[in-house]
Amino acid sequence: MPITAKTPELRKAKIATRLIFLLAGAGLAAWAPLVPFAKIALGVDEATLGMLLLCLGLGSITAMPLAGALVPKLGARVVIAVSACVIIVALPLLTLVQSVPQLAIGLALFGAGVGSVDVAMNIHAIEVEKRSGVSLLSGFHGLFTLGSIFGAGGMSLMLIVGLNSTIATVVLSISMLCLLSLSFPHLMAETAEPTKRKDTRFALPGARLIVISLLCFLAFLAEGVVLDWGALLLIDQHQLHPGYGGLGYAAFAVAMTAGRLTGDRVVTKFGGGVTALVGGLLTAAGYVWVVVSPDPTTALIGFATIGLGASNIVPVFFSDAGRMDGSGSGMAISMVTSFGYAGILVGPAVIGFMAEWLGLGTAFLAMAIIMLAISAIGPAASKSVAR
């Protein structure tokens, strides 16, 4: 029976897609609490750590086009399964490395799994949404953020109670394997044929699309910095125990989840421009607060503010890109997604160099200034209006 709008198979496919987004979020976020342990184990400085984090980004960005090419040939289900298995295996290996080259290879492998599963699961999610005839993508991405909470929070909790980092990652990997086993049978095997366009000539992106792509880079950068550097800031700035470092990202993810679950109503009422303006201001304020806060408990409020501020910026700009005239929405979405991944995966490496030269606290304050660009430019770039 074909998987169409009213079949039980489609309902199962929706649940399976949500489980995969949950898995992907948990897998990526689990790395956040491990960053301080990797730094201490290898005895590297911030600049070297920044270069290592760049390996994660390069692995992801390199694998994404390959995953996109394989999905039409093998089906999204196969690419999702293989990519998820790479994450499941690579995560514990990151705790066993004993040298900088080994960690570089491990992070590149881990990043390749993260990037590949993200491409494949989004292609699958779009197909499920299309066959359902209703909007589903925001909910799917909300599950990714929820998975981030479980990944960062669960890993931090296991480290706090004294579990060895390798054992903690094995426990999480087993949990992800269970999610994959539950979802795989219900993922759609068939792949929709790409739409053939009469005009296949390459079209240069317009100025507005370029601006929106750059703003997406900044918005994703906000998330990447918290993921890779939030734990170290809490430890260095507030002398927090390494086992508690992941709580910053957990607070960020909880606030982002809440913001995304209510985001559609916010944008409908106030418009995309106002949402980008306020979101940029909140994100900047959060970065300042985590640096100047007097203790680690109040610093968590700053991380939550970053998550709340950044939560709806990207959906606004993705929506704008998808409605653009003059270029296919597929090309526009592809461009903003590429810029976004550059921000979340490559950008934090730049913060590593800033932290080495200026100190991590100063680098976070610089991020606050950068985030103000979203507030300054976002309202003019977004054409989403209140309804």
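Calculation rules
- Residues numbered from 1 in each chain as written.
- Predicted model: local features only at pLDDT ≥ 70, side-chain atom pairs only at ≥ 80, totals over all residues.
- Heavy atoms only, no water.
- Helix = DSSP H or I, 4+ residues; strand = E, 2+ residues; numbered from the N terminus.
- Buried < 20%, exposed > 50% of the residue type's maximum accessible area, 1.4 Å probe, protein only.
- Contact = heavy atoms within 4.5 Å.
- Areas by Shrake-Rupley, 256 points an atom, 1.4 Å probe, with all protein chains shown as cover.
- Axes fitted to C-alpha atoms, helices over the stretch in contact; angles between N-to-C directions.
- Parallel < 35°, antiparallel > 145°, perpendicular 65-115°, else oblique.
- Left-handed = near helix turned anticlockwise from the far one by under 90°.
- Nonpolar A, V, L, I, M, F, W, Y, C, P; charged D, E, K, R; others polar.
- Polar contact = N/O pair within 3.5 Å; in protein donor to acceptor, adjacent residues only side chain to side chain.
- Patch = residues over 30% accessible without salt bridge, like charges linked within 9 Å, V, L, I, M, F, W, Y side chains within 5 Å.
- Salt bridge = Lys/Arg side-chain N within 4 Å of Asp/Glu carboxyl O.
- Phe/Tyr/Trp six-rings, centres within 6.5 Å; stacked < 30°, edge-to-face > 60°.
- pLDDT = per-residue confidence, 0-100.
- Core = buried A, V, L, I, M, F, W, Y, C linked by side-chain atoms within 4.5 Å.
- Expected span 1.5 Å × (residues − 1).
- Bend = angle between axes of the 7 residues up to and from the residue.

## Some words on the overall build of the protein chain
- When its secondary structure is counted, the protein chain shows 14 helices and 0 strands.
- Of the regular secondary structure in the protein chain, the N- to C-terminal order runs α-α-α-α-α-α-α-α-α-α-α-α-α-α.
- Of all 387 residues assigned to the protein chain, the portion counted as buried reaches 53%.
- A sequence separation of at least 24 residues applies to 85% of the contacts in the protein chain between residues at least 6 apart.
- Accessible area for the protein chain stands at about 16,500 Å²; split by element, carbon and sulfur atoms hold 70% of it.

## Things to note about the packing of helix α4 (residues 76–93) against helix α5 (residues 100–132)
- Where α4 meets α5, the closest approach of the two axes is 8 Å, and the angle between their N-to-C directions is 150 degrees. Compared by their axis directions, α4 and α5 come out roughly antiparallel. Helix-helix and strand crossings are classified by hand; for α4 and α5 the assignment is left-handed. Every residue of α5 that contacts α4 at Ala76, Val79, Ile80, Ser83, Ala84, Val86, Ile87, Ala90 and Leu91 is listed here: Leu109, Phe110, Gly113, Val114, Ser116, Val117, Ala120, Met121 and His124.

## Examining the packing of helix α10 (residues 272–292) against helix α14 (residues 360–381)
- It is at 8 Å that the axes of α10 and α14 come closest, and there the two elements cross at 170 degrees. One finds that α10 runs roughly antiparallel with respect to α14. Together, Gly273, Ala276, Leu277, Gly280, Leu281, Thr283, Ala284, Tyr287, Val288, Val290 and Val291 of α10 and Gly361, Phe364, Leu365, Met367, Ala368, Met371, Leu372, Ile374, Ser375, Gly378 and Pro379 of α14 make up the contact between the two elements.
- Residue composition of the contact of α10 with α14, by class: 16 nonpolar, 6 polar and no charged.

## Structural notes on the side chain of serine 311
- Assignment of secondary structure puts serine 311 in the loop between α11 (296–310) and α12 (313–322).
- On the accessibility criterion, serine 311 (0% relative accessible area) is buried.
- Side-chain polar atoms of serine 311 contact the backbone oxygen of leucine 308, separated by 2.8 Å.
- Side-chain polar atoms of serine 311 contact the side chain of asparagine 312, separated by 3.5 Å.
- Excluding residues within four positions of it along the chain, serine 311 makes contact with Met256, Gly259 and Arg260.

## A word on a nonpolar patch on the surface
- A cluster of nonpolar side chains, contributed by Phe270, Val274, Leu277, Val278, Leu281, Leu282, Leu308 and Leu372, occupies part of the molecular surface with about 630 Å² of accessible area.
- Within the secondary structure, leucine 277 is located in helix α10.

## What about the pattern of salt bridges?
- Evaluated as defined, the whole model comprises 1 salt bridge.
- Residues glutamate 127 and arginine 131 are paired through a salt bridge, measuring 2.8 Å at the closest nitrogen-oxygen approach. Remark: arginine 131 and glutamate 127 occur in helix α5; sequence separation between them is 4 residues, near one turn of the helix.

## Details of the environment of alanine 47
- By secondary structure assignment, the location of alanine 47 is in helix α3 (residues 46–74).
- On the basis of relative accessible area, alanine 47 is assigned to the buried category, the value being 16%.
- On a C-alpha basis, the gap between alanine 47 and tryptophan 357 in space is 8.6 Å, while along the polypeptide they are 310 residues apart.
- For alanine 47, the contacting residues outside a window of four places in its chain are Gly352, Phe353 and Glu356.

## Overview of the packing of aromatic side chains
- Evaluation of the coordinates by the stated rule reveals 3 aromatic pairs.
- Seen from their ring centres, tyrosine 249 and phenylalanine 252 are 5.4 Å apart, and the 35 degrees between their planes marks the pair as tilted. Separated by 3 residues within a single helix, tyrosine 249 and phenylalanine 252 lie in helix α9 (residues 247–270), roughly one turn from each other. Summarising the burial analysis for this pair, tyrosine 249 and phenylalanine 252 share the class buried.
- Both rings, one in phenylalanine 353 and one in tryptophan 357, keep their centres 6.0 Å apart while their planes meet at 35 degrees; by these two values the pair is tilted. Of this pair, phenylalanine 353 and tryptophan 357 both sit in helix α13 (residues 329–358), 4 residues apart, roughly one helical turn.

## Quick look at the confidence of the model for the protein chain
- Per-residue confidence for the protein chain gives a mean pLDDT of 82, with 88% of residues at or over 70.
- In the predicted structure, residues 193–202 sits below a pLDDT of 50 and forms 1 contact with residues beyond four places in sequence or in another chain.
- Across residues 326–330 the pLDDT falls below 50, and counting only partners more than four positions away or on other chains, this stretch makes 5 contacts in the model.

## Comments concerning the nonpolar core
- In this structure, Trp31, Tyr287 and Phe364 are the most contacted members of the largest nonpolar core, which totals 113 residues.
- Of the residues forming this core, the biggest block, 16 residues, is contributed by helix α8 (residues 207–238).
- Setting aside anything within four residues of it in sequence, one finds phenylalanine 364 in contact with Val225, Trp229, Gly230, Leu233, Tyr287, Val290, Val291 and Phe303.

## Focus: α8
- Taking 1.5 Å per residue, 32 residues should reach 46 Å; α8 reaches 43 Å between its end C-alpha atoms and fits that length.
- Remark: the principal bend of α8, roughly 55 degrees, maps to tryptophan 229.
- For α8, the buried fraction is high: 24 of the 32 residues fall into the buried class.

## Quick notes on α9
- In the structure, α9 departs most strongly from a straight axis at threonine 262, where the bend amounts to approximately 55 degrees.
- Of the residues trailing α9, glycine 271 is marked for its positive phi of about 95 degrees.

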